[in-house]
Amino acid sequence: MDISKDNKFLTSRPVMQSGLTDVIPLGQVPSHYLNRYRAVQKVRCAFCENHTPHNNGFTVQMKDGRTALCGKDCAEIYFGEAVAKDFEKSLEKQIKRETNRKIITKTLVGIPKTLTLLTDDLIEMEALAISATEPLAKNFQHSGIQTKTTDSGTYEHKEICRRWVDQQGMHGNLRKNALDEERIILKIKAASLLRGNDISRIARLKRAKKELKILQSVNLETDLSDVIIERISTNRKAIISDIENGIGFLDLCQQFYTKENIKALSKLNQHLQTNSKAFALHKRPYGFDLVISSNHYDLEHDFENPARATFQIPDLSQQPTVETLLAALKGEIL
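Predicted, not measured: the structure shown is a model, and the values here were computed from it.

Engineer: Where do I start with the state of the cysteines in this structure?
Structural biologist: What is meant by a disulfide is a covalent connection between two cysteines, made through their sulfur atoms. Overall, the coordinates contain zero disulfides when judged by the stated rule. Between cysteine 45, a free cysteine, and cysteine 74, which holds the nearest cysteine sulfur, the sulfur-to-sulfur gap is 3.8 Å. The class for cysteine 45 is buried, based on a relative accessible area of 1%.

Shown next as structure tokens:
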């Protein structure tokens, strides 16, 4: 694949570059590398005595402005290993800067599109989901549920059940023997939502939107110095991480907040030491109401029934996918 059209530091057809010098006299050393190449067809080295054909090397520039091709192995032989390594290291820094510049440019151009997808409704959806999940996670933080989930995130509550079976003795007589079996009596899907270390959740989508609005003020023409590029690259990684984790949290909530799952959670509550009596999920036009019945009086609950708290669960099937939200920031077209 020839990528010279969109990357001046890497080409697969080095001989197509204009102004190349075929032969550089022995002993002359370039001032720096212009690019690296992985040639589709072998090319001649301008430096070695036999002008050995090769595929991998560098386009170099001499102090007087001449440019030539040099095989990777020949560079170390004719320039000296230390000099060749320094040239290569300098080129790699330029490549990294140029790559980051292109990535950041795509990101800045894609911000307006991404902001239209991070709607107020989506931000509110995240806030409501956090408000409902935090008290549940707090309720189960000392239950041990977090350490007993399967690889898929499902919690399985098991109990030892004893049954009696007939077994024939040595003399042919039948006797009853106890057989203990471990059985799964209930399952909680997406139980990783209740992990204790996630009790105080961050509104990641809200934070990502705030950071994107700040980046939106960057001027593509004047503000992209190396220092700014480095800073924006760090911010970009954090924003992408927040969007991935924010949507991941909502996806987990969608799996968790089902009538069947909350019913199983309420049954599980009877087997564990928690501060709540029961949980229920009621269908509403906007999604669900999660109802938590508490064992203790709590002023944070509603005044009419302080031992009963209700939390709105929005329709979690409406959020965009991670791929959709990140497409514009990555310069992709969906």
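There is more to say, and it comes next.
Engineer: Please explain the packing of aromatic side chains as it appears in this structure.
Structural biologist: Remark: the centre distance and the inter-plane angle together describe each pair of aromatic rings, the angle taken between the planes. Counting across every chain of the model gives five aromatic pairs. Relative to phenylalanine 58, the ring of tyrosine 33 has its centre 4.1 Å away and its plane inclined at 15 degrees; by these criteria the two rings are stacked. One end of the pair, tyrosine 33, is in strand 2 (residues 32-44); the other, phenylalanine 58, is in strand 3 (residues 53-61), with 25 residues separating them in the sequence. Note on accessibility: tyrosine 33 and phenylalanine 58 belong to one class, buried. Summarising the aromatic geometry, the rings of tyrosine 33 and phenylalanine 87 are spaced 5.2 Å apart at their centres and angled 65 degrees between planes, so their arrangement reads as edge-to-face. Of this pair, tyrosine 33 sits in strand 2 while phenylalanine 87 sits in helix 2 (residues 81-117); the two residues are 54 residues apart in sequence, bridging distant segments of the chain. In this structure tyrosine 33 comes out as buried when scored by relative accessible area, which is 2%. One cation-aromatic arrangement involves lysine 283 over phenylalanine 288; the distance from NZ or CZ to the ring centre is 4.9 Å.

Engineer: Quick question: what am I supposed to make of the packing of helix 4 (residues 204-215) against helix 5 (residues 226-256) here?
Structural biologist: Two quantities define a packed helix pair, namely the angle between the helix axes and the distance between the axes. Viewed as axis vectors pointing N to C, helix 4 and helix 5 meet at an angle of 150 degrees, and their least axial separation amounts to 8 Å. Between helix 4 and helix 5, the interaxial angle falls into the category roughly antiparallel. As for the relative orientation of helix 4 and helix 5, their crossing is left-handed in sense. Contacts between helix 4 and helix 5 involve Arg204, Leu205, Arg207, Ala208, Glu211, Leu212 and Leu215 from the first element and Ile232, Asn235, Ile239, Asp242, Ile243, Asn245, Gly246, Ile247 and Leu250 from the second. Considering only residue class, the contact of helix 4 with helix 5 consists of nine nonpolar, three polar and four charged.

Engineer: Is there a simple way to think about the sheet that holds strand 2 in this case?
Structural biologist: Strand pairing in a sheet relies on backbone hydrogen bonds, with the paired strands running either antiparallel or parallel. Read across the open sheet, the four strands follow the order 1-2-3-4; overall the sheet is mixed. Of all strands in the sheet, those with a lone pairing partner are strand 1 (10-11) and strand 4 (67-71), marking the two edges. Each of strand 2, strand 3 and strand 4 is contacted by helix 1 (residues 72-79), which is oriented at about 100 degrees to strand 4, the strand it contacts most. Contacting strand 2 and strand 3, helix 2 crosses the sheet at an angle of about 95 degrees to strand 2.

Engineer: Help me understand the pattern of salt bridges, please; the structure alone is not making it clear to me.
Structural biologist: Oppositely charged side chains can pair when the atoms bearing their charge come close. Tallied over the full model, the rule gives 11 salt bridges. A salt bridge links aspartate 242 to arginine 204; the shortest N-O distance between them is 3.3 Å. Highlighted residues: aspartate 242 in helix 5 and arginine 204 in helix 4, separated in sequence by 38 residues. Given a relative accessible area of 5%, aspartate 242 falls into the buried group. Overall, the relative accessible area of 27% leaves arginine 204 in the partly exposed class. The partner of aspartate 242 in a salt bridge is arginine 207, with the nearest N and O atoms 2.8 Å apart. One end of the pair, aspartate 242, is in helix 5; the other, arginine 207, is in helix 4, and 35 residues separate them in sequence. Classification of arginine 207 as partly exposed rests on a relative accessible area of 34%.

Engineer: Help me understand the confidence of the model for the chain in this model?
Structural biologist: The predicted coordinates ought not to be read in detail in places where the model reports low pLDDT. Per-residue confidence for the chain gives a mean pLDDT of 86; residues scoring 70 or more make up 90%. Averaged pLDDT values over the elements of the chain bottom out at 77 in strand 5 (residues 155-168) and peak at 97 in strand 4. Low confidence marks residues 297-305, where pLDDT is under 50. Its contacts with residues over four positions away, or in another chain, come to nine contacts.

Engineer: What's the story with the sheet that holds strand 8 (residues 287-294) in this structure? I'm lost.
Structural biologist: Strand order across the open sheet formed by three strands is 7-8-9, with antiparallel pairing between neighbours. Bordering the open sheet on either side are strand 7 (276-284) and strand 9 (308-314), each of which pairs with just one other strand. Geometrically, the sheet is characterised by an average inter-axis angle of 20 degrees between neighbouring strands, direction not taken into account. Looking at chain direction, strand 8 and strand 9 are connected through seven bridges and run antiparallel.

Engineer: Help me understand helix 2 in this model?
Structural biologist: Owing to its 3.6 residues per turn, the α-helix brings residues three or four apart onto one side. Across its 37 residues, helix 2 extends 52 Å between first and last C-alpha, which sits within 8% of the 54 Å expected from 1.5 Å per residue. Its maximal kink placed at isoleucine 111, helix 2 deviates by approximately 45 degrees, while the proline proline 112 follows within four residues.

How each quantity is defined
- Residues numbered from 1 in each chain as written.
- Predicted model: local features only at pLDDT ≥ 70, side-chain atom pairs only at ≥ 80, totals over all residues.
- Heavy atoms only, no water.
- Disulfide = S-S within 2.5 Å.
- Buried < 20%, exposed > 50% of the residue type's maximum accessible area, 1.4 Å probe, protein only.
- Phe/Tyr/Trp six-rings, centres within 6.5 Å; stacked < 30°, edge-to-face > 60°.
- Helix = DSSP H or I, 4+ residues; strand = E, 2+ residues; numbered from the N terminus.
- Lys NZ or Arg CZ within 6 Å of the ring centre and 35° of its normal.
- Axes fitted to C-alpha atoms, helices over the stretch in contact; angles between N-to-C directions.
- Parallel < 35°, antiparallel > 145°, perpendicular 65-115°, else oblique.
- Left-handed = near helix turned anticlockwise from the far one by under 90°.
- Contact = heavy atoms within 4.5 Å.
- Nonpolar A, V, L, I, M, F, W, Y, C, P; charged D, E, K, R; others polar.
- Pairing = 2+ DSSP bridges.
- Salt bridge = Lys/Arg side-chain N within 4 Å of Asp/Glu carboxyl O.
- pLDDT = per-residue confidence, 0-100.
- Expected span 1.5 Å × (residues − 1).
- Bend = angle between axes of the 7 residues up to and from the residue.

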